[in-house]
Amino acid sequence: MVRARYGLAFGHGFTADHQVGAGFELGRVVALDVGVTREGSYSVAGWRAAAGVRVTIGKYRITLARDAGVNDLGSAYRVGVDARFR
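Small disclaimer: the values here were computed from a predicted structure and weren't measured. (Residues numbered from 1 in each chain as written. Predicted model: local features only at pLDDT ≥ 70, side-chain atom pairs only at ≥ 80, totals over all residues. Heavy atoms only, no water.)

Time to look at the layout of surface pockets. Where empty space is left in the structure can be found by rolling a water-sized probe over the atoms. Considered as a void within the structure, the largest pocket measures approximately 450 Å³ in volume. What lines the largest pocket is a set of 24 residues, among which Arg5, Gly23, Leu32, Asp33 and Val34 lie closest to the centre. The set of elements that each furnish at least two residues to the lining of the largest pocket consists of strand 1 (2-9), strand 2 (17-26), strand 3 (30-39), strand 4 (46-57) and strand 5 (60-67). At seven residues, strand 3 tops the list of elements feeding residues into the lining of the largest pocket. Class assignment for the residues of the lining of the largest pocket results in ten nonpolar, seven polar and seven charged. One number sums up the size of the second largest pocket: a volume of about 220 Å³. Forming the walls of the second largest pocket are Glu25, Gly27, Arg28, Arg54, Thr56, Gly58, Lys59, Tyr60, Arg61, Arg84 and Arg86. Counting only elements with at least two residues in the lining of the second largest pocket, the list comes to strand 4 and strand 5. Broken down by class, the residue content of the lining of the second largest pocket amounts to one nonpolar, three polar and seven charged. (1 Å grid on protein atoms, 1.4 Å probe; cavity = no way out; pocket = protein on both sides within 12 Å on 5 of 7 lines; lining within 4 Å. Points joined across faces, edges and corners; volume = space filled by probe spheres on them. Helix = DSSP H or I, 4+ residues; strand = E, 2+ residues; numbered from the N terminus. Nonpolar A, V, L, I, M, F, W, Y, C, P; charged D, E, K, R; others polar.)

The next point concerns the pairing of strand 2. Of the strand pairs in this sheet, strand 1 and strand 2 are connected by eight bridges, and their pairing is antiparallel. Residue pairing for strand 2: arginine 5 is matched across the bridge by glycine 21. Summarising the sheet, strand 2 and strand 3 pair through nine bridges and their orientation is antiparallel. In the sheet register, glycine 23 faces strand 3, and the bridge partner there is aspartate 33. (Pairing = 2+ DSSP bridges.)

With that settled, consider the pattern of salt bridges. The full count for this structure, using the stated rule, is five salt bridges. The residue arginine 61 makes a salt bridge to aspartate 82 at a minimum N-O spacing of 3.8 Å. You can see arginine 61 sitting in strand 5 and its partner aspartate 82 sitting in strand 6 (residues 77-83), a full 21 residues away along the chain. Among the salt bridges present, the one from arginine 78 reaches aspartate 67, with a minimum N-O distance of 3.4 Å. (Salt bridge = Lys/Arg side-chain N within 4 Å of Asp/Glu carboxyl O.)

Don't take any of this as a statement about function, it's just geometry.
See the structure below:
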């Protein structure tokens, strides 16, 4: 499965932020996600790329992601764990 996303965030008095992404699911076990964001609300506008991978192990979905940082803010790492109970 392939998913495409577009998002827009804005606030009064700030430049709009745009997000574009794509997700790829390979069966129910592995998923990949990539995205790019144009952030204009923090001083000078800049582009930030991010990528992530999700692995399903039993009832747990573990997600690892990293972005490239923007405007001297540095990279951010994300870890997520989801559990499905039926």
